[in-house]
Amino acid sequence: MHSINPTTTKSWKALLKHSAASNGVHLRELLYETSRFKSMHIRIEDLLLFDYSKHRIDETTLKLLENLFDECKVQDLLEEQFRGVKINVTENRPVLHTVLRDPGIAPFIVDDQDVRKASKIELKRMYEFSEGIRIGDIRGHSGRKIKNIINIGIGGSDLGPKMAVESLKPFSNRDLKFHFVSNIDGSDLHECLMQIDPEESLFIVASKTFTTQETMANAEVARDWLIQKLEDPACVEKHFVAISTNSEKVNDFGIKKENTFGFWDWVGGRYSLWGAIGMPICISIGSDNFQELLNGANFIDDHTRKRPFRENIPKIMAALGIWYRNFLNASTHAILPYDQYLHRFPAYLQQADMESNGKSIDRNGKRVNYSTGGVIWGEPGTNGQHAFYQLIHQGTELIPSDFIASVIPQHPLHEHHSKLLSNYLAQTEALAIGKTIASTPYKKFEGNQPSSTILFDKMNPFSLGALIAIYEHKIFFQGAVWNIYSYDQWGVELGKEMARKILPEIDGDHLDSDHDESTKGLLNHIRDLSNKADNN
Ligand code: G6Q
């Protein structure tokens, strides 16, 4: 794989000059140019409209960013990814989550495995199982219908399914209740177990590795709770399924092969909702709707590979992000869905983006000399307007944002929706234009805060699949330009390792003298208080 330091390219240098020259230009001047909207929006018929005209850019900016993409050979890297080249070099793996949503049936052999065939077999198994639960063919140990689905997983094995189940609630089977237990904080599992009837509950243990501390601890306690309640160890068979790449560990846990749904090393955790990790989504919305989710993502895969730069939504989004991060020094990016069902989308994206592009070592193993991924955050509108928007409007930070909404609502309260959309538009306009005439300086708004408007015709499984895939590819393009490995996550490891070391010190007598003074002090404090509590 090639390795190009983006700062050495001609276009990077030109962008530096261009950013200095265009520094004083205000969105107020740009946004009244006739035909600006026309030339800076992308319409995909029956799906969405992407407006990128409210950005601090002009035609030159876009041309230079396009040149940067060419010089950094991002399209070549994208094709390598789709071809199954091991672009996840530090883990020695290809990156093929796109295969999970690819309708093609011709053999696609990667490392002696027909990845298309393997993915279709597991998908079919998941569809059959999900439908069995939905119609009540698959029942609990005592013959009762399953009404509670409890997903036990964390990170990529939690955030995607949880976000999608919430986002697609209008398409869900309302007889089923979904619970997501992720945290090692016992209150997460405790609160869930208090709400469910064991005879009507299905636990999905979702873990790629089946070794993650949080997930295994929660799954073991849930299994013991179930056996105790139903008074028969054989009940596990009817109430537990596993989603994992590690069939050996699943077997050791006591879940049989027929209740295990697999995926593969070539699917990264945070990119895994398209396969068996999507089981809660599939049970919630049904297999036909799940297929639509895949179709929406696959549609964007095609769009991303084939559309030229100016018609390519993920490329434009990635380019804008690079422009703000590397040339205008923005360090954060807000994700603002004007859609209550999408309330977990910012949290989902936080992981997808920050775990992928929060890297500082380039593809040559050298420290980068430029900024990479920024902080992703957000909350649904209009709630955010009554909270943190103040800082975006009148603070000192440059904060680009994405405003996501749909023209057609998912509920019958149409007047609410008009009010929601009026806020949606008002905010992007106010952020860009500001307010210069006011009785006091406190009431002035500088404006010039950029935003993208992502406006779906309506939100449905296809639209959600498209939305997620747009961001996946945006993240890919940014990582490609930044010359980093977007698909590993070594940064998660150190904390896990140290927690394993500290665990025996919390309850035991021994204290490791290697700890820094702060950690030692805190450990002693916890041990003292816990001992006192135990003795009372
Ligand atoms: C995602 C990361 C990480 C992972 C969790 C859970 O890309 O790898 O968030 O999903 O650590 O891992 P398991 O699925 O192996 O339990």
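Note that the structure is a prediction, hence the values are computed from the model and not measured.

Chemist: What's the story with the environment of methionine 163 in this structure? I'm lost.
Modeler: Counting through the fold element by element, methionine 163 comes out in helix 7 (residues 159-167). Spatially, the C-alpha atoms of methionine 163 and asparagine 251 are 29 Å apart, while their sequence positions differ by 88 residues. In contact with methionine 163, other than residues within four places in its own chain, are Leu273, Arg344, Phe345, Tyr348, Leu464 and Ile468.

Chemist: Can you help me understand the state of the cysteines in this one?
Modeler: In protein structure, a disulfide is the covalent linkage between the sulfur atoms of two cysteines. Taken as a whole, this structure holds zero disulfides when the rule is applied. Free of any disulfide, cysteine 192 has its nearest cysteine sulfur in cysteine 235, 16 Å distant. Cysteine 192 sits in the buried class, given a relative accessible area of 5%.

Chemist: Explanation requested: the packing of aromatic side chains in the structure shown.
Modeler: In this description, an aromatic ring pair is defined by two values, namely the gap between the centres and the angle between the planes. Counted under the stated rule, the structure contains 24 aromatic pairs. Their ring planes at 25° and their centres at 5.6 Å tell us that tyrosine 338 and phenylalanine 403 sit as a pair that is stacked. Linking tyrosine 338 in the loop between strand 10 (332-337) and helix 15 (345-357) with phenylalanine 403 in strand 12 (residues 401-408), this pair joins segments that are 65 residues apart in sequence. Across this residue pair, the class does not change: tyrosine 338 and phenylalanine 403 are buried. Taking the ring centre of phenylalanine 261 as reference, the NZ or CZ of arginine 125 above it sits at 4.6 Å. Of note, arginine 305 hangs over the ring of phenylalanine 82, and the distance from its end group to the ring centre comes to 4.2 Å.

Chemist: Help me understand the nonpolar core, please; the structure alone is not making it clear to me.
Modeler: Counting 110 residues, the largest nonpolar core has Phe345 and Leu464 as the members making the most contacts within it. Judged by nonpolar contacts, the second largest core, of 23 residues, contains Ile150, Leu193, Phe203 and Val236.

Chemist: I tried to follow the side chain of threonine 372 on my own but got confused; where do I start?
Modeler: Here threonine 372 is to be found in the loop between helix 15 and strand 11 (375-377). For threonine 372, a relative accessible area of 9% translates into the label buried. A distance of 2.7 Å separates the side chain of threonine 372 from the backbone oxygen of lysine 359, its partner in a polar contact. Beyond its immediate sequence surroundings of up to four residues, threonine 372 is in contact with Arg325, Asn357, Lys359, Trp482 and Ile484.

Chemist: Mind showing me how you'd approach the sheet that holds strand 8 (residues 240-244) here?
Modeler: As a general point, the strands of a sheet are linked pairwise by backbone hydrogen bonds and lie either parallel or antiparallel. Spatial ordering of the open sheet is given by 6-5-7-8-9, a layout of five strands whose pairing is parallel. Both outer strands of the open sheet, strand 6 (177-181) and strand 9 (260-262), are each paired with one neighbouring strand and no more. Neighbour to neighbour, the strand axes of the sheet diverge by 20° on average, direction disregarded.

Chemist: When you look at helix 20 (residues 517-535) in this model, what are you seeing that I'm missing?
Modeler: One turn of an α-helix holds 3.6 residues; hence residues three or four places apart share an orientation. Here helix 20 is 19 residues long and its end C-alpha atoms lie 27 Å apart, about the 27 Å a rise of 1.5 Å per residue gives. Measuring from the side-chain oxygen of the N-cap residue of helix 20 to the backbone nitrogen of serine 518 gives 3.0 Å; that N-cap residue is aspartate 516.

Chemist: Before we go on, may I ask you to explain the pattern of salt bridges in this structure?
Modeler: Opposite charge on two side chains makes pairing possible when the charged atoms of those side chains draw close. Tallied over the entire structure, the rule returns 28 salt bridges. Close ionic contact of glutamate 91 with arginine 93 constitutes a salt bridge, the shortest N to O distance being 3.4 Å. The partner of arginine 125 in a salt bridge is glutamate 122, with the nearest N and O atoms 3.1 Å apart. One end of the pair is arginine 125 and the other is glutamate 122, both in helix 6 (residues 115-135) and three residues apart, which spans about a single turn. Its relative accessible area of 24% is what places arginine 125 among the partly exposed residues. Among the residues examined, glutamate 122 registers a relative accessible area of 15% and is labelled buried. Beyond isolated ion pairs, a larger network of salt bridges with shared partners links Arg144, Lys147, Asp197, Glu199 and Glu200.

Chemist: Please explain the packing of helix 4 (residues 59-71) against helix 14 (residues 313-327) as it appears in this structure.
Modeler: Angle between the axes and distance between the axes: these two values describe a pair of packed helices. Between helix 4 and helix 14, whose axes approach to 10 Å, the crossing angle comes to 100°. With respect to each other, helix 4 and helix 14 are oriented roughly perpendicular. For the pair helix 4 and helix 14, contact is made by Thr61, Leu62, Leu65, Leu68 and Phe69 and by Lys315, Ile316, Ala318, Ala319, Ile322 and Trp323, respectively. Across the contact of helix 4 with helix 14, the residue classes tally to nine nonpolar, one polar and one charged.

Chemist: I'm lost on unusual backbone geometry in this one. Help?
Modeler: Trans is the common state for peptide bonds, and a negative phi is the common state for residues other than glycine. In the segment running from glycine 381 into threonine 382, the intervening peptide bond is cis, with an omega of 5°. Structurally, the position occupied by threonine 382 is in the loop between strand 11 and helix 16 (389-394). Positioned with a positive phi, serine 35 is a non-glycine residue whose angle comes to about 75°. One can find serine 35 in the loop between helix 2 (27-30) and helix 3 (36-39).

Chemist: What should I look at first to understand the site of the ligand in this one?
Modeler: The environment of the ligand is made up of 13 residues, and the closest members are Ser157, Ser207, Thr209, Thr212 and Gln351. Within the backbone of glycine 156, one N or O atom sits 2.9 Å away from an oxygen atom of the ligand. Bound to the protein, the ligand loses 89% of the 400 Å² it would expose on its own. Residues belonging to the shell around the ligand are distributed by class as follows: one nonpolar, nine polar and three charged.

Chemist: Whenever I open this one, the pairing of strand 12 confuses me. Can you help?
Modeler: Remember that side chains alternate between the two faces of the sheet whenever the strand is regular. Counting buried positions along strand 12 gives six out of eight residues, so the element sits mostly inside the fold. Summarising the sheet, strand 12 and strand 13 (residues 451-458) pair through seven bridges and their orientation is parallel. Looking at strand 13, one finds that serine 401 is bridged to serine 451.

Chemist: Sorry, what's going on with the side chain of arginine 36 here?
Modeler: In this fold, arginine 36 is placed in helix 3. By relative accessible area, arginine 36 is classed as buried at 3%. There is a polar contact of 2.8 Å between the side chain of arginine 36 and the backbone oxygen of histidine 55. Not counting chain neighbours up to four residues away, the residues in contact with arginine 36 comprise Leu30, Leu31, Ser53, His55 and Ile57.

Chemist: Explain the sheet that holds strand 10 here, please?
Modeler: Pairing within the open sheet is mixed, and its six strands lie in the order 1-2-13-12-10-11. At either margin of the open sheet sits one strand with a lone partner, and together these are strand 1 (41-44) and strand 11. Mean inter-strand twist for the sheet, computed between neighbouring axes without regard to direction, equals 15°. The sheet strands contacting helix 18 (residues 461-482) are strand 2 (48-51), strand 10, strand 12 and strand 13, and the helix crosses strand 13 at an angle near 155°.

Chemist: How should I be thinking about the pairing of strand 8 in this particular structure?
Modeler: In terms of burial, strand 8 is a largely internal element, five of the five residues being buried. Of the two faces of strand 8, the one carrying Phe240, Ala242 and Ser244 and the one carrying Val241 and Ile243 are both buried. Taken together, the four bridges between strand 7 (residues 201-206) and strand 8 define a ladder with parallel strand orientation. Bridge pairing links isoleucine 204 to valine 241 in strand 8. Across three bridges, the pairing between strand 8 and strand 9 is parallel. When the bridges of strand 9 are listed, isoleucine 243 appears paired with phenylalanine 261.

What counts as what
Residues numbered from 1 in each chain as written. Predicted model: local features only at pLDDT ≥ 70, side-chain atom pairs only at ≥ 80, totals over all residues. Heavy atoms only, no water. Helix = DSSP H or I, 4+ residues; strand = E, 2+ residues; numbered from the N terminus. Contact = heavy atoms within 4.5 Å. Disulfide = S-S within 2.5 Å. Buried < 20%, exposed > 50% of the residue type's maximum accessible area, 1.4 Å probe, protein only. Phe/Tyr/Trp six-rings, centres within 6.5 Å; stacked < 30°, edge-to-face > 60°. Lys NZ or Arg CZ within 6 Å of the ring centre and 35° of its normal. Core = buried A, V, L, I, M, F, W, Y, C linked by side-chain atoms within 4.5 Å. Polar contact = N/O pair within 3.5 Å; in protein donor to acceptor, adjacent residues only side chain to side chain. Pairing = 2+ DSSP bridges. Axes fitted to C-alpha atoms, helices over the stretch in contact; angles between N-to-C directions. Expected span 1.5 Å × (residues − 1). Salt bridge = Lys/Arg side-chain N within 4 Å of Asp/Glu carboxyl O. Parallel < 35°, antiparallel > 145°, perpendicular 65-115°, else oblique. Nonpolar A, V, L, I, M, F, W, Y, C, P; charged D, E, K, R; others polar. Near = heavy atom within 4 Å. Areas by Shrake-Rupley, 256 points an atom, 1.4 Å probe, with all protein chains shown as cover.

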